[in-house]
Number of protein chains: 2
Amino acid sequence: MKQIEGGVTAAKGFLAAATAAGIKYQGRKDMAMLYSQRPCTVAGTFTKNLVKAAPVKWDQKVVSDRGRTQAVIINAGIANACTGEQGMRYCEETAKEVQRLLNLPQEEVLVASTGVIGMQLPMERICAGIQDMVPKLKDDIISGNEAARAIMTTDTHEKEVAVELTLGGKQVRVGGMCKGSGMIHPNMCTMLSFVTTDAAISNEMLREALLEDVEDTYNMISVDGDTSTNDTCLLLANGMAENPVIEEKNEDYRLFCEALHFVNETLAKQMAGDGEGATALFEVKVIGAASKEQAKRLSKAVITSSLTKAAIYGHDANWGRILCAMGYSGAQFDPEKVDLFFESAAGQIQLIEDGVALDYSEEQATKILSESSVRAIADIKMGEYEATAWGCDLTYDYIKINADYRS
Amino acid sequence: MKQIEGGVTAAKGFLAAATAAGIKYQGRKDMAMLYSQRPCTVAGTFTKNLVKAAPVKWDQKVVSDRGRTQAVIINAGIANACTGEQGMRYCEETAKEVQRLLNLPQEEVLVASTGVIGMQLPMERICAGIQDMVPKLKDDIISGNEAARAIMTTDTHEKEVAVELTLGGKQVRVGGMCKGSGMIHPNMCTMLSFVTTDAAISNEMLREALLEDVEDTYNMISVDGDTSTNDTCLLLANGMAENPVIEEKNEDYRLFCEALHFVNETLAKQMAGDGEGATALFEVKVIGAASKEQAKRLSKAVITSSLTKAAIYGHDANWGRILCAMGYSGAQFDPEKVDLFFESAAGQIQLIEDGVALDYSEEQATKILSESSVRAIADIKMGEYEATAWGCDLTYDYIKINADYRS
């Protein structure tokens, strides 16, 4: 497996387009479309929030009833959440417009929205946007990149990744794009993530691969602890690589999962590092755990702690807040056995041993914490399991963005 | 029952003192002492954080083994948490110094600390502080107020309250003080709260009254979702009011609980409203719930949501974030039946009905949200239960305070 340029259009047969539909943002593209030359097998994971946006409900039905798709329509600016029956009708109208233009069954068209909750979509603009995008669909890197940019809300940059691997002698690609960057505390899956592959794989294997992998990737990031109403992750496979169809958990399945994991983890980390207002990606790795569940719970508690996040912003090695967050995580461990380290491109430093502070250099610790990607490692000395969670620092800009998001 | 002036020294026989011990802060008092002329029955609730500060462990033992006390020593600046065996020895040395000066058994001396985690206490200064305070102990309002000020860390003002009631023909008083204001997400009890009463009440009744009441008061507030290592609530009763001893759940017990509730709720609200960097107290009341547990879970999810808190700071009626937080709370309800209102001294406004936005005036909503105390009311139309939670807005100053707390 090797990383290659590109994103959702990297895999064979996938086309993308974007347009400035003027849904809420002015002077930028705010709608994107994905299209596959052949019908795709599709798997999806969605928010566990009880308040589900209309497109989430729509896509859940498409994925479970049909498991097939050929087109996805995405808009940024308005989330189409808390919009009642009207919101559901708008999903249907969107799908109908695609059916009209591309002769695809509307029951197999996926839709996704992100933005302000509670506002209704301007349907004429959505339809005009689709009409504009259809003739523009292209399979090149630029079109994929434009789509990745069009789905951004408060994100500061687009998020894409693609890899190439060989399955049964055939070149297979997996690529994806996603957007953050607030209300990010995925439960099942994150805000919006779209992964495409030309691998030939059965619906059941595709679903299993996705469900298992989101647990270690998107579900291990948090920007602000708020689980969105719109979290959606879609994985489309069109089989155009013509590899032997993956129908069981064989070596090809394992290789495919490895590639999928790289794509998902990369996108998840990009999302965490570009959290609203963030200046640093904050990674927390718990090692020596008695179970994976324990390691996950501990690492997630730390990246979610507002106090720890504020300390990371201040480049302050305030390890007490990390131990404190581990303590209220609900996981059992012995605080008096914990070793804690910070590391980054500027080096590594041990802060505590067996729960008590070492005589470390605050200056060196601050230097390490001044990088744009920092990592805390906690060894709880109870077993062989480990887990990593990704978050970001809590900054003035998070407040700035969210105190005045709607205006 | 009526509210009166004062705090921990309001009840008969309770004395307080404060001193500038120079533990970490300069130019302010940072140690306080409470003393009762007669031995007190004592009840306490403590943090559920697995990482417990040394004074929490010490006090748990005093409360459970002896259930009696006559003196409490409190310091601000250093939390004495994550300090290993040394930290426990310092609690003992503190108690020993009180024993030496006042001839009280060291096993009945309570200690409490708040401040930075991981640093060791300067023991000579602690002892010097005690020596300075003992001769200054006084039962007047000013001494109580000085104690309330001395225990502050990032609090912007002291927090006190006192009430008077009549039990069996005798005047009884209940008064308290507490401090916040970050790492506030109490689980069992909040950071530091001290309530004194001259009521005569059995140890068992005192304990029951406290344990039940913290669930509806301190445990319903949150500043930042971080459950501290030091949360401690102590309730001291010295019996000097000479009311008939409360030994069962009779009418006197009910009246005492009512007074205790008023004191605890007032202190809890003061803590929430003075959360780090806060500009507003944010109260969320969920009504029409099928159970109290459900109402609590929903209201706490909303006051804990970073996005909602940032919107409150921006005076932005971003109700979608409130519904979203209710949705991920884990409580079951029908989002399409929710009515939501905002209210404050500037009036009341309904924003959504049956889950969908009304055509309300954003201008009026912003006016209502511009007060220093704002309330959201969500009616979920499922039953007769309700609950209230208290939090605060999330502001630039929260970041400022916590990005650089230790320096």
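Residues numbered from 1 in each chain as written. Chains lettered and ligands numbered in written order. Predicted model: local features only at pLDDT ≥ 70, side-chain atom pairs only at ≥ 80, totals over all residues. Heavy atoms only, no water.

Enquirer: A description of the packing of helix 11 (residues 396–403) of chain A against helix 11 (residues 396–403) of chain B should follow, citing residues and the corresponding values.
Expert: Between helix 11 of chain A and helix 11 of chain B, the least distance of the axes is 8 Å, while the angle of their chain directions is 170°. The angle between the axes of helix 11 of chain A and helix 11 of chain B places the two elements in the roughly antiparallel class. Mapping the contact onto sequence places A:Tyr396, A:Ile399 and A:Lys400 in helix 11 of chain A and B:Tyr396, B:Ile399 and B:Lys400 in helix 11 of chain B. For the contact of helix 11 of chain A with helix 11 of chain B, the residue count by class is four nonpolar, no polar and two charged. (Axes fitted to C-alpha atoms, helices over the stretch in contact; angles between N-to-C directions. Helix = DSSP H or I, 4+ residues; strand = E, 2+ residues; numbered from the N terminus. Parallel < 35°, antiparallel > 145°, perpendicular 65-115°, else oblique. Contact = heavy atoms within 4.5 Å. Nonpolar A, V, L, I, M, F, W, Y, C, P; charged D, E, K, R; others polar.)

Enquirer: How would you explain the pairing of strand 3 (residues 31–46) of chain A if you had to name every residue and give the values?
Expert: Regular strands place their side chains on alternate faces of the sheet. All names here are of chain A. Of all 16 residues making up strand 3, 13 are buried, and the element is well covered by its neighbours. Direction of pairing for strand 2 (residues 14–19) relative to strand 3: antiparallel, over a ladder of six bridges. Paired with Ala 16 across the bridge in strand 3 is Leu 34. Note: strand 3 against strand 4 (residues 68–78), seven bridges, orientation antiparallel. Within strand 4, the residue paired with Ala 32 across the bridge is Ile 74. Note: strand 3 against strand 9 (residues 232–237), six bridges, orientation antiparallel. Paired with Thr 45 across the bridge in strand 9 is Cys 233. (Buried < 20%, exposed > 50% of the residue type's maximum accessible area, 1.4 Å probe, protein only. Pairing = 2+ DSSP bridges.)

Enquirer: Describe the sheet that holds strand 11 (residues 339–344) of chain A, and please don't skip the residues or the numbers.
Expert: Residues and elements named next belong to chain A. The strand order across the open sheet formed by six strands is 13-12-11-14-10-15, and the pairing between neighbours is mixed. Each edge of the open sheet carries a strand with a single partner, namely strand 13 (356–357) and strand 15 (385–392). By the bridge criterion, five bridges tie strand 11 to strand 12 (residues 347–353) in an arrangement that is antiparallel. From the neighbouring strand, Leu 340 faces strand 12, where its bridge partner is Ile 352. The strands touched by helix 7 (residues 292–304) are strand 10 (281–289) and strand 15; relative to strand 15, the strand with the most contacts, the crossing angle is about 20°.

Enquirer: Outline the relation of the copies chain A and chain B, supporting the account with residue identities and numerical values.
Expert: At an RMSD of 0.0 Å, chain A and chain B line up after a rotation of 180° and a shift of 0.0 Å along the axis. What we have between these two chains is a two-fold relation. Rotation axis and chain A: the residue whose C-alpha lies nearest the axis is A:Tyr396, separated from it by 2.7 Å. In this assembly, 100% of the residues forming the interface of chain A have copies in chain B that are likewise at the interface, indicating an isologous arrangement. (Least-squares fit on C-alpha atoms with pLDDT ≥ 70 in both.)

Enquirer: I'd love a proper account of the confidence of the model for chain A, names of residues and values included.
Expert: This prediction gives chain A a mean pLDDT of 93; 98% of its residues lie at or above 70. Listed scores for the predicted complex are pTM 0.85 and ipTM 0.83. (pLDDT = per-residue confidence, 0-100.)

Enquirer: Kindly report on the sheet that holds strand 15 (residues 385–392) of chain B, identifying the contributing residues and their values.
Expert: All names here are of chain B. Taken together, the six strands give an open sheet; going across it, the order is 13-12-11-14-10-15, and neighbouring strands pair in mixed fashion. Unpaired on one side and paired on the other, strand 13 (356–357) and strand 15 mark the two borders of the sheet. For strand 10 (residues 281–289) and strand 14 (residues 373–379), the ladder comprises seven bridges, and the chain directions are parallel. Within strand 14, the residue paired with Leu 281 across the bridge is Ser 373. Along the sheet face, helix 6 (residues 251–273) touches strand 10 and strand 15 and points at about 45° away from the line of strand 15.

Enquirer: Residues and numbers for helix 9 (residues 319–328) of chain A, please.
Expert: Residue and element names in this part refer to chain A. Within helix 9, nine of the 10 residues are buried, which leaves it mostly tucked inside the rest of the structure. All of the buried residues along helix 9 are Trp 319, Gly 320, Arg 321, Ile 322, Leu 323, Cys 324, Ala 325, Met 326 and Gly 327. Just downstream of helix 9 lies Gly 330, where phi reads positive at about 100°.

Enquirer: Please provide a residue-by-residue account of the interface of chain A and chain B, values included.
Expert: Chain A puts 53 residues into the contact, and the matching count from chain B is 53 residues. Buried surface at the junction of chain A and chain B, summed over both partners, amounts to about 4300 Å²; 61% is from carbon and sulfur atoms. In this structure, the connection of chain A to chain B is made through two salt bridges. In this assembly, chain A and chain B are joined by 10 residue pairs in polar contact (both at pLDDT 80 or more). Put simply, the parts of the chain that give the side of chain A that touches chain B at least two residues each are helix 8 (306–313), helix 9, strand 13 and helix 11 of chain A. Of the residues forming the side of chain A that touches chain B, the biggest block, seven residues, is contributed by helix 9 of chain A. (Buried area = accessible area lost by both parts, 1.4 Å probe. Salt bridge = Lys/Arg side-chain N within 4 Å of Asp/Glu carboxyl O. Polar contact = N/O pair within 3.5 Å; in protein donor to acceptor, adjacent residues only side chain to side chain.)

Enquirer: Residues and numbers for the pattern of salt bridges, please.
Expert: Taken as a whole, this structure holds 50 salt bridges over all chains when the rule is applied. Residues A:Glu158 and A:Arg149 are paired through a salt bridge, measuring 3.5 Å at the closest nitrogen-oxygen approach. We classify A:Glu158 as partly exposed; its relative accessible area is 22%. A salt bridge links B:Lys381 to B:Asp339, with the shortest nitrogen-to-oxygen separation between them at 2.8 Å. Of this pair, B:Lys381 sits in the loop between strand 14 and strand 15 while B:Asp339 sits in strand 11 (residues 339–344), and the two are 42 residues apart along the sequence.

Enquirer: Let's hear about the environment of B:Val8: which residues, and what values?
Expert: Looking at where B:Val8 falls in the secondary structure, it is placed in the loop between strand 1 (2–4) and strand 2 (14–19). Dropping the residues within four chain positions of it, B:Val8 is found in contact with B:Phe14, B:Leu34, B:Gly144, B:Gly175, B:Gly176, B:Met177, B:Phe194 and B:Thr196.

Enquirer: Please provide a residue-by-residue account of unusual backbone geometry, values included.
Expert: Residue and element names in this part refer to chain A. Although it is not a glycine, Cys 82 sits at a positive phi angle of roughly 60°. Looking at where Cys 82 falls in the secondary structure, it is placed in the loop between strand 4 and helix 2 (84–102). The class of Cys 82 is buried, set by a relative accessible area of 11%. The backbone phi angle of His 315 is positive, close to 55°, even though this residue is not glycine. Position of His 315 among the secondary structure elements: in the loop between helix 8 and helix 9. Since its relative accessible area comes to 27%, His 315 is described here as partly exposed.

Enquirer: Pulling in residues and values, what's your account of the nonpolar core?
Expert: Judged by nonpolar contacts, the single largest core of 274 residues is most densely connected at A:Phe194 and B:Phe194. Sorting elements by how many residues they give to this core places helix 6 of chain B first, with 10 residues. With residues up to four places along the chain from it excluded, the contact list for A:Phe194 reads A:Val8, A:Leu34, A:Val72, A:Ile74, A:Ala112, A:Ile151, A:Gly175, A:Gly176, A:Met177 and A:Leu234. (Core = buried A, V, L, I, M, F, W, Y, C linked by side-chain atoms within 4.5 Å.)

Enquirer: Go over the pairing of strand 14 of chain B with me, naming the residues and quoting the values.
Expert: Residue and element names in this part refer to chain B. Taken across its seven residues, strand 14 has five buried, putting it largely inside the fold. As paired elements, strand 11 and strand 14 share five bridges and run antiparallel to each other. Bridging from a neighbouring strand, Glu 343 pairs with Arg 375 of strand 14.

Enquirer: Could you give me a rundown of the environment of A:Ile74, with the residues and numbers involved?
Expert: Residues and elements named next belong to chain A. Considering the arrangement of structural elements, one finds Ile 74 in strand 4. A relative accessible area of 0% means that Ile 74 is categorised as buried. The residues contacting Ile 74, other than those within four sequence positions of it, are Asp 30, Met 31, Ala 32, Ala 112, Ile 151, Met 177, Leu 192 and Phe 194.

Enquirer: Quick rundown of the side chain of A:Glu283? Include the residues and the values.
Expert: Residue and element names in this part refer to chain A. For Glu 283, the location among the structural elements is in strand 10. Of note is the side chain of Glu 283, whose polar atom sits 2.8 Å from the side chain of Arg 375. In contact with Glu 283, not counting residues within four places along its chain, are Lys 269, Val 374, Arg 375, Ala 376, Thr 388, Ala 389 and Trp 390.

Enquirer: Any details on the packing of aromatic side chains? Residues and values, ideally.
Expert: Taken as a whole and assessed by the stated rule, the structure comprises three aromatic pairs over all chains. Between the aromatic rings of A:Tyr313 and A:Tyr396, the centroid separation amounts to 5.7 Å while the plane-to-plane angle is 80°, which identifies the pairing as edge-to-face. With a gap of 83 residues between them, A:Tyr313 in helix 8 and A:Tyr396 in helix 11 connect regions that are remote in the sequence. On the basis of relative accessibility, which here comes to 23%, the residue A:Tyr313 falls in the partly exposed class. Among the aromatic residues, ring-to-ring pairing joins A:Tyr313, A:Tyr396, B:Tyr313 and B:Tyr396 into one connected group. The positively charged end of B:Arg28 is found above the aromatic ring belonging to B:Tyr25, 4.1 Å away from the centroid. (Phe/Tyr/Trp six-rings, centres within 6.5 Å; stacked < 30°, edge-to-face > 60°. Lys NZ or Arg CZ within 6 Å of the ring centre and 35° of its normal.)

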